[in-house]
Amino acid sequence: MAQSTNGTVYGSVPPGTVVVVTSNTGVSRTVTAGSDGRYSVANLPGGEYKIEAKGIGSRAATVTVGGGTDVSFLTAMEAVTITGTRTLTIDTTQVDTRTVFTSDLLTKIAVGQSVNQVALLAPGVINSNSYNTPSTTSSNNNPLGRSAMANIGSFGGSAASENAYYINGFPVTNPLTNMGATTLAFNSIGQVQVLTGGYGAEYGRSTGGVMNVVTKRGTNEWKGGLYSIYSPKSFRNQPQDLYYPDTGKWSQASHYNTSAGNNPNNWTDGTMYQSRANNTVDSLVYGAYVGGPILKNKLFLFANVEQTRDEVQGVRQTRVGSLTSSNAAQGWSESTNTYPRATLKMDWNITDNHTLELTGIQDNAKEKYAYYGYDYKTLSHNSTKFNGDHVLADTSRLYVAKYTGNITDDLTVSAVVGQQKIKHNPDPLPGYDATKNYVTISPTTVPAAYGSIANPQPYQTVTDPSTDKTQGFRLDVSYVLGKHDLRFGVDRFRADSAIGSRNSGPGAYRWIYGQLSTPTEAIDASHGIGSPASAGANGANGYYVDQYFLSSGGSVSTVQKAYYLEDRWQITKRLLLSLGFRSDNFTNYNGDHKPYVDQKNNKAPRIGAVWDVHGNSTLKVFGNAGRYFLALPNNVAIRGANASLNSDKYYTYDSIGSDGTPVGLHPITPANGASGLCPSGTVGAGSVSSNLECGNAPDPATVAIQNLKPHYQDEFILGLEHAFSKQVSWGAKFTYRDLKSAIDDTCPEECRIFNPGEAATFLIPNGDGTYTKQAYSAADLGFPKLKRKLVSLDLYAEYNSGPLFGKLNYTLSRNYGNAEGQLNSTVDTGTGGQQDVSVTSDWDLPEIMEGANGLLPNHRKHQFKFFGSYQASDEWRIGGSAILTSGRPRNCTSYYPYAKAGIYNSPIYYHFCGVPGAQTAVNNPSVTPDSGFGASPRGTMGTTPWIKTINVSVTYTPAMFKGFSLQADVLNILNAQTPTAYYEASTNSRSTVNPRYGQVIYYTAPRSFRFTARYDF
């Protein structure tokens, strides 16, 4: 169960048998089997239990989160043979698909120390490469956000932002972007439940998957321990350097006969793009825990404190970027990253039928870092510190309280209330001079006389302190009426985010120097910006400068409410029918706390069935169908509903001052009636903004279309699971997912939130407080119908003989359509996919959708996954895990065939390939592009190579030192550093090949060793 922290024990016994279920905290529940011999005890906290059938015998059982455990006793003759044993059975109480990892299993299978890495072992979950932001390399300014996003997964073809995360029943998903979640000490995890589809009506707010973490808890036996985990840099292989591809157009022997082409600094073919071989990570984790009874059978404590300390060093500038002296002076980074985490769990058994749970979790992060000079000629760094020391500090607190009451044998009530608050404290920017603007300047983009000028402002962006806060409650009621388990629930959660950033220096702008190989080519003809040559001065040689304005932020919030009804009807002893209905309500507020999106009564039917074929939980056939809704995260309002400035003014210049400021500016004036021209009276008046982000907040009534539909997906699953013997089980599952409605923005000029591929009615202000409705059909808007579909077949086989355990999964799937969902990985150029969740560039313009239908970025046709362990003796154990997946689809993108008015002047959006030619920089559909340029539909350029990651673990537990263990894990034992994404923009202007086209931008992590020492008592 997604929000559940409990599970169920059920089974068959002789009719009228009394069954007693006792936990390791002393709580005891007693039931009497009905006339059909079935019994069920629900709402049991996950953990170890003794199940006794009076007069027959007893068994030990593990209750997993949200699942059912079959413990059947057929005759009194079993009393001798069944005591203390566990048999492999199939859970016939659930219609969903899940994988549960217990803390015991996680120590055996050599997996990364994060919930995201655990989830990647579940079938149908793949690493979302463009949103896999390692905590040690991201340019994000909050370390908790980076940590949460490392190895984030795509579930069943959905975008990485469409997942839901819970800790002890409370939602901890990032409220700003919906990507990632609060982290806790890995040693605190009791169980991780990974739901990949088919969940019932009590669960929602996910069209991807669900990760539900339940912490460890104290029992009637005091236990404690100390542990240390060390991943030394000396045992980590060198990561691969990044190189420019050989395009045949940017070398000394073969280059364009232009100012840019004749510049030796631009001869990059086959040369190093960025050095990474000397990048190192040295990681040390140390912690301690204790758990036990404060009052036996009544009050229990579990506490865990842990700190991770990463020493990270590496090159942060590219080789060409380091040609600028200011970049070279800060080309090397050294940081010390600490993550102090703590978990406190209190359990109070008020009586056998009433329990209270309290959870407190700290998830802090602090990064101290400094930059030093780096010399690409010697591939070495110096000891001269650039601009002092820097500090980022985040704090996170989560508090959850849960009450469970078994009011009668048939009536159960549970309530959860909680709050999570995260504070992000940005770098105080030592040495920041607010009077200086940031300058992007390089010998490759300015006349030779100014190539040695350095950027005077070390900070590109000024970021405000920010906060994220989630608070709310949930109430669930369950009543058993004969063969009906009736369930009802309500919840309400509010998520608040406050964030802000702007270009450094006065005026919120920075200078960006550029050069076109063809001086007479328009810089951005689509928005009326002419050629550098048209303004004279250095423009005659193609040189120009962009005054780029950028500022956004505000305080925003989202309120989500829901109720559900569900009837789990045990029609016969072998047939269970689950009938459910859920209603979700979403309201998004702007910085003035005015609603700009309000979606009520989103009806989500759910139906599922399980057939226990033999009536003994050894073979089940199951199926389900459901609709799932997802709200807009808070980030949508930051640029879409709050004041946002994102615009440009272009100039040529006579010279460049010693501080990088252009001297003798000559405006490249936008043409009359140019698309995207910020009107007078706005902050950005006179500049050009492709989305009319001119610094003024939009009217909340006009931000979204009328009657906006929510984001929702329909899903259908049919499967079977078979316990072939007491040791072997296997199963198969077919899944079909269809994204029926999405929310994104469309930007013919000013962006509006709408439903892609559908008719829309916009409100147009009349200037007097009234509005005019303008209705457009889908054909009027020019967009194709939204499509994102997944068809998959999952197969698994599991073997469990006691000392030997193993599970193998295989997934054959096809993920296709014209949109990834809430995100857009296709525009990734090496710094991650677009993170404007639900306001991507996909649906900004109809032209972007041309050729967009095809295999999507999260398509992986084949996926093999394995994890298991073998207890070779009392002292030795080996284990491991492996993931083998086929590659990600590749694309080739370029400019639109001509500079159509209002479209984006960029090669990363359009599904065309090749160089169109300088003659296409005009608004003329009849212009003829160069030969070799043409349409390139999505996903038709092959795939990245297969990924093969194999992890191995060896554990030694010496008999002479009870409680002490040593473990060695080798992650990626084959050191298979495989490309996972490539640079896909084929051009960098309308007349030149992009020197990076086809370059590897990400590799899988190199081989590393992890050594663990534990003492448990």
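Quick caveat, the model's predicted, so the values are computed rather than measured. (Residues numbered from 1 in each chain as written. Predicted model: local features only at pLDDT ≥ 70, side-chain atom pairs only at ≥ 80, totals over all residues. Heavy atoms only, no water.)

Engineer: Would you mind going over the UniProt feature "domain: TonB-dependent transporter Oar-like beta-barrel" (unreviewed entry) in the protein with me for this structure?
Structural biologist: Sequence positions flagged by UniProt for "domain: TonB-dependent transporter Oar-like beta-barrel" (unreviewed entry) are, in local numbering, residues 326-591. For the annotated span residues 326-591, helix accounts for 1% and strand for 65% of the residues, and the straight-line distance between the end C-alpha atoms is 38 Å. (UniProt positions renumbered as here; feature names shortened; annotations may be inferred. Helix = DSSP H or I, 4+ residues; strand = E, 2+ residues; numbered from the N terminus.)

Engineer: Would you explain the state of the cysteines in this entry?
Structural biologist: By definition, a disulfide links the sulfur atoms of two cysteines through a covalent bond. Scanning all chains against the criterion turns up 3 disulfides. Across a sulfur-sulfur distance of 1.9 Å, C747 and C751 are joined as a disulfide pair. Because the sign of the S-S torsion sets the handedness, a value of about 110° for the bond joining C747 and C751 places this disulfide among the right-handed ones. Put simply, C892 and C913 are joined by a disulfide, and their sulfur atoms are 1.9 Å apart. Sign of the S-S torsion, about 80° for the bond between C892 and C913, identifies this disulfide as right-handed. Here C892 is found in the loop between β46 (876-885) and β47 (912-913), whereas its partner C913 is found in strand β47, with 21 residues between them in sequence. (Disulfide = S-S within 2.5 Å.)

Engineer: What am I meant to see in the nonpolar core here?
Structural biologist: Grouped burial of nonpolar side chains is what soluble globular proteins tend to show. One finds F101, L106, I189, V192 and V194 to be the most contacted residues of the largest nonpolar core, which totals 40 residues. Among the secondary structure elements, those contributing two or more residues to this core are α2 (103-106), α3 (115-119), β11 (164-167), β13 (189-197), β14 (210-215) and β23 (380-406). When sequence neighbours within four positions are dropped, the list of residues in contact with F101 reads L106, I109, V118, L121, G190, Q191, V192, V194 and F867. Counting residues in hydrophobic clusters, the runner-up holds 28 residues, among them V556, Y596, V636 and W843. (Core = buried A, V, L, I, M, F, W, Y, C linked by side-chain atoms within 4.5 Å. Buried < 20%, exposed > 50% of the residue type's maximum accessible area, 1.4 Å probe, protein only. Contact = heavy atoms within 4.5 Å.)

Engineer: Looking at this structure, I do not really get the sheet that holds strand β7 (residues 68-70). What am I missing?
Structural biologist: What holds strands together in a sheet is hydrogen bonding between their backbones, with the strands either parallel or antiparallel. Spatially, the 3 strands line up as an open sheet ordered β4-β1-β7, and their pairing is mixed. Each edge of the open sheet is held by one strand with a lone partner, namely β4 (38-45) and β7. The sheet shows a mean angle of 20° between the axes of neighbouring strands, taken without regard to direction. Judged from the 6 bridges that link them, strand β1 (residues 6-12) and β4 form a sheet pairing that is antiparallel. Along β4, the bridge assignment pairs G11 with Y39. (Pairing = 2+ DSSP bridges. Axes fitted to C-alpha atoms, helices over the stretch in contact; angles between N-to-C directions.)

Engineer: Which parts of the structure should I look at to understand the sheet that holds β14?
Structural biologist: Strand order across the open sheet formed by 5 strands is β8-β13-β14-β11-β12, with mixed pairing between neighbours. Edge positions in the sheet fall to β8 (97-102) and β12 (170-171), since each has one partner strand and no second. Alignment of β11 against β14, held across 4 bridges, turns out to be parallel. The residue of β14 that forms the bridge with Y166 is N212.

Engineer: Help me understand unusual backbone geometry in this model?
Structural biologist: Trans peptide bonds make up the majority, and among non-glycine residues the majority have a negative phi. Residue L379 is not a glycine yet carries a positive backbone phi of 50°. Of note, L379 is situated in the loop between β22 (365-375) and β23. The class of L379 is partly exposed, set by a relative accessible area of 35%. Of note, the phi angle at A537 is positive, near 55°, even though the residue is not glycine. Among the secondary structure elements, A537 is positioned in the loop between β29 (509-515) and β30 (543-570). Here A537 falls in the partly exposed class, since its relative accessible area comes to 35%.

Engineer: Looking at this structure, I do not really get the side chain of D612. What am I missing?
Structural biologist: Among the structural elements, D612 can be located in strand β32 (residues 595-612). No salt bridge is formed by the buried D612; the nearest opposite charge belongs to R38, separated by 4.9 Å. Excluding its chain neighbours within four sequence positions, the residues that come into contact with D612 are T92, R574, S617, T618 and L619. (Lys, Arg positive; Asp, Glu negative; His and termini not counted. Salt bridge = Lys/Arg side-chain N within 4 Å of Asp/Glu carboxyl O.)

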